[in-house]
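Each chain, written out:
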Amino acid sequence: MVLELSKRAQQMLNKRDFLDEYTMLCMHDPFNQDTNKKGYVNLGTAVSALCEDVIQKRMNEPGLFQFGSKEQHYFPMWGTTEMCEALASCLTRHLAPDLPVLPENVLVVNGGVAAMEVLACCLLDPGDVLLTPSPCYTRIIVNFSERFKVNVVDVLLRDTNEISVGERSAFELNGDLLEDTIMEQKATGRVVKAFYLVNPNNPLGEVYSPQLVLQLMEVCHRHGLHFISDEAYAMSIYEPQTPFQSVLNLSPLPDPQKTHVIWSFSKDMNLAGIRIGALISQNKDLLHVVKNTSVYTAVPAIVQKAAASLLNDTVWLDEEFLPTHRQRLREAAHKTQNALISLGAKVQPAQAGFFLWANLRCFLPKVNHDEELGLSRIADTIKEL
């Protein structure tokens, strides 16, 4: 018997994201220094295991949270009061000290991916264009296009292909470049609805200045675009002299009603497994629609309770976890950077996140797509790096 699927399902039946495919390979055969030296090391997923010991110690301590009667029943699917208040307090303390985040402007969803899909659903119609700087976090493309059929278009950054440590970024983003891309898309008859910025940037590890962010926001405002600021790495800036200002702490905003921020536990808290993302917006209509459909993106109440307890433990979070997190990131980044350079690679200077952008042409017999894929499949080469 042939199972008849919907047209939507048929389109996705044999379609698999490149990173998902190789992530599963790495999960099923992970490299281990002692027990599986022939296994894989995952260099494609932005995840940190540097603070597993710190998090496990705190999560397993008695008294962190207690399961009660409330956790046995339905709850506000867009976030428990405790979770929304804990997020608002944490984000205010670390990202918006001058402009407190209000709990009523915070929505809880099951991860940053869900936050992207929520925005795809609520802000863009099928065929509309979302712009994002490239090189980009590839899930942006998948999350906006796979189910809600948004056209994700690259704002191609200048690339000299001659990056080396200490040099000015070879990938330059500015308002003129965004303006030109908007006009190019409009000239083709497409409807441009939104601009998506990851700051600090994935995969470049670059932190954009508030002056540049405001410049980009002004361009979006002139053209009526929504400005989405993904700040998943805002607390993962490891170079101490690098300034960062969240969109949540900028005032006045060119268009507060079309400005939206995403944050999640996956990156800054090293807790990808608990699937909690936050969407922060002042747009009451957007908040209302997301609440009305939040049954599809709800996070279990007991998970929210545990996560809120972590955020509310400000001594542990501010004085133990975050300083340790940043220090270990810095040490790992410098060690990896030095190893790559010693092997002949050129490395883009970075200040934040879990990744380094490197030029690996010296390892390719020929510079083409097939050779790049071949390099990504060589486990011994990956382990060596």
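How each quantity is defined
- Within each chain, residues carry numbers counting from 1 in the order of the written sequence.
- For this predicted model, a pLDDT threshold of at least 70 governs which residues receive local features, and a threshold of 80 or more governs which side-chain atom pairs are given and counted, while totals over whole chains, interfaces and linings are taken from all residues.
- Derived side-chain values reflect all non-hydrogen atoms in the structure, with water molecules and hydrogen atoms excluded from consideration.
- Put simply, a disulfide is two cysteine sulfurs that come within 2.5 Å.
- Only protein chains enter the accessibility calculation, which uses a 1.4 Å probe; a residue whose area is less than 20% of its type maximum is buried, one above 50% is exposed, and one in between is partly exposed.
- Here a helix means four or more residues in a row that DSSP labels H or I, a strand means two or more in a row labelled E, and each is numbered from the N terminus.
- Strand pairing requires that DSSP identify at least two bridges connecting the strands.
- Lines fitted to the C-alpha atoms define the axes, with helices restricted to the stretch that makes contact. Angles between their N-to-C directions range from 0 to 180 degrees.
- Any angle that falls under 35 degrees is termed roughly parallel, while one over 145 is termed roughly antiparallel, one within 65 to 115 roughly perpendicular, and all others oblique.
- Here a crossing is called left-handed whenever its near helix is offset anticlockwise from the far helix by less than a right angle, and right-handed whenever the offset is clockwise.
- Every residue pair with non-hydrogen atoms within 4.5 Å of one another is taken to be in contact.
- Polarity classes work like this: nonpolar for Ala, Val, Leu, Ile, Met, Phe, Trp, Tyr, Cys and Pro, charged for Asp, Glu, Lys and Arg, and polar for all others, with Gly in that last group.

Draft legend 1. Molecular detail of the state of the cysteines. In the structure shown here, the tally under the stated rule is zero disulfides. Of all cysteine sulfurs in the structure, the one in Cys-90 sits closest to Cys-51, which takes part in no disulfide; the separation is 15 Å. A disulfide-free cysteine, Cys-84 has its sulfur positioned 13 Å from the sulfur of Cys-90, the nearest such atom.

Draft legend 2. Highlighting the pairing of strand S6 (residues 259-264). Here S6 lies mainly inside the structure; six of its six residues are buried. As judged from the four bridges shared by strand S5 (residues 226-230) and S6, these two strands associate in the parallel manner. Each residue of the ladder has a partner; that of Ser-229, found in S6, is Val-261. Alignment of S6 against strand S7 (residues 277-281), held across five bridges, turns out to be antiparallel. Paired with Trp-263 across the two strands is Ala-278, which belongs to S7.

Draft legend 3. Quick peek at the packing of helix H4 (residues 81-94) against helix H12 (residues 314-342). One way to put it is that H4 packs onto H12 with a least axis distance of 12 Å and a crossing angle of 45°. With respect to H12, the axis of H4 lies oblique. At the point where H4 passes H12, the crossing takes the right-handed sense. Facing Cys-90, Arg-93 and His-94 of H4, the residues of H12 in contact are Thr-314, Leu-317, Asp-318 and Leu-322. Here the residues of the contact of H4 with H12 are counted per class, giving three nonpolar, two polar and two charged.

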